[in-house]
Amino acid sequence: MTLGFQTLRLKKMRIIPAIDIIEGKCVRLSKGDYNTKIIYNENPLEVAKSFEAHGIEYLHLVDLDGAKSSRIVNYKILEQIATKTSLKIDFGGGLKSDDDLKIAFESGVNQITGGSIAVKNRAIFEKWIAEYGSDKIILGADANNEKVAVSGWLEDSNEDLIPFIQEYQTKGIEYVICTDIAKDGMLEGPSFDLYKKILSEAKDVKLIASGGISTFDELPKLAELGCEGTIIGKAIYEGRISLKQLEKYIISK
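Residues numbered from 1 in each chain as written. Predicted model: local features only at pLDDT ≥ 70, side-chain atom pairs only at ≥ 80, totals over all residues. Heavy atoms only, no water.

### Observations concerning the nonpolar core
Right, so step 1: Counting residues in each nonpolar core, the largest one holds 70 residues, and the members touching the most others are Ile19, Phe125, Leu139 and Ile198.
Right, so step 2: No other element matches the five residues that helix α8 (residues 161-169) contributes to this core.
Right, so step 3: The residues touching Leu139, leaving out its near neighbours within four places in the chain, are Thr113, Gly114, Ala118, Phe125, Phe164, Ile165, Tyr168, Ile173, Tyr175, Val176 and Ile177. (Core = buried A, V, L, I, M, F, W, Y, C linked by side-chain atoms within 4.5 Å. Buried < 20%, exposed > 50% of the residue type's maximum accessible area, 1.4 Å probe, protein only. Helix = DSSP H or I, 4+ residues; strand = E, 2+ residues; numbered from the N terminus. Contact = heavy atoms within 4.5 Å.)

This is the structure we're talking about:
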């Protein structure tokens, strides 16, 4: 464990708690299945403020209603969190048009994550990268058996995960969030092997690991692999990882 913390200090990794929104409430799903929805808090702002109070700087906010529809839906929640906390927010779900993107940035996001749009409308997503820059646009490359999943994970594409990431690197993408859907919400540990493979084949990618985080001890392992950040969801809400632990983690870096 000592070695892990020493390595962790050498290799900084951002801690990014997740808030997923359905009908204005903070929820979590298992494997992206909307039928497994658990409501953890009816006030997402309250949750965001608790993160901020423990020294957390970043937030991954997902509009699950938007992910299923053709437009951004829960932008008012986004605006509320952005104006009443200092969290740096990356936002995804329902971003399908220039108007959606404009709403997101005007509502206070720091970065947006494009998943389905990057598969279904490459032209507009590449335009966003060119217009806003690689520091503002994150590629959401969520995987099911190493195939990219889209539409709130309700369907698989024919895109192979790593070539998909590599192709977007040629378009300027630097940040990639990758969730192994089979792991998401299952509290069984992240896909270390998948992340190792991505980092070895997609050189210089800033990889943000997501899905399956279940214990605090997994964090230094992800840092050692070279992940730029990790998104933590259900492990926080189920009390597997405490905000106090994350606060100490952040201070120790």
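### Brief notes about the pairing of strand β5 (residues 88-92)
Right, so step 1: Within β5, four of the five residues are buried, leaving the element largely enclosed by the surrounding structure.
Right, so step 2: Summarising the sheet, strand β4 (residues 58-63) and β5 pair through five bridges and their orientation is parallel. Across the sheet, the residue bridging to Tyr58 is Lys88, located in β5.
Right, so step 3: Where β5 and strand β6 (residues 111-114) come together, three bridges link them in parallel fashion. Its bridge partner being in β6, Phe91 is matched across the sheet by Ile112.
Right, so step 4: Since β5 and β6 lie parallel, the crossover through helix α5 (residues 98-106) that links them has a hand, and here it is right-handed. (Pairing = 2+ DSSP bridges. Right-handed = clockwise from strand over helix to strand, strands pointing away.)

### Some thoughts on the side chain of Asp142
Right, so step 1: Looking at where Asp142 falls in the secondary structure, it is placed in the loop between β7 (137-140) and β8 (143-144).
Right, so step 2: No salt bridge is formed by the buried Asp142, whose closest oppositely charged neighbour, Arg28, lies at an N-O distance of 11 Å.
Right, so step 3: A polar atom in the side chain of Asp142 sits 3.2 Å from the backbone nitrogen of Thr179. (Lys, Arg positive; Asp, Glu negative; His and termini not counted. Salt bridge = Lys/Arg side-chain N within 4 Å of Asp/Glu carboxyl O. Polar contact = N/O pair within 3.5 Å; in protein donor to acceptor, adjacent residues only side chain to side chain.)

### Quick look at the packing of helix α9 (residues 192-201) against helix α10 (residues 218-225)
Right, so step 1: At their nearest, the axes of α9 and α10 sit 10 Å apart, and the two run at 20 degrees to each other. It follows that α9 is roughly parallel to α10 by the angle criterion. Between α9 and α10 lies a crossing whose hand is right-handed. In this structure, α9 contributes Phe192, Tyr195, Lys196 and Leu199 to the contact, and α10 contributes Glu218, Lys221, Leu222 and Leu225.
Right, so step 2: Grouping the constituent residues of the contact of α9 with α10 by class yields five nonpolar, no polar and three charged. (Axes fitted to C-alpha atoms, helices over the stretch in contact; angles between N-to-C directions. Parallel < 35°, antiparallel > 145°, perpendicular 65-115°, else oblique. Left-handed = near helix turned anticlockwise from the far one by under 90°. Nonpolar A, V, L, I, M, F, W, Y, C, P; charged D, E, K, R; others polar.)

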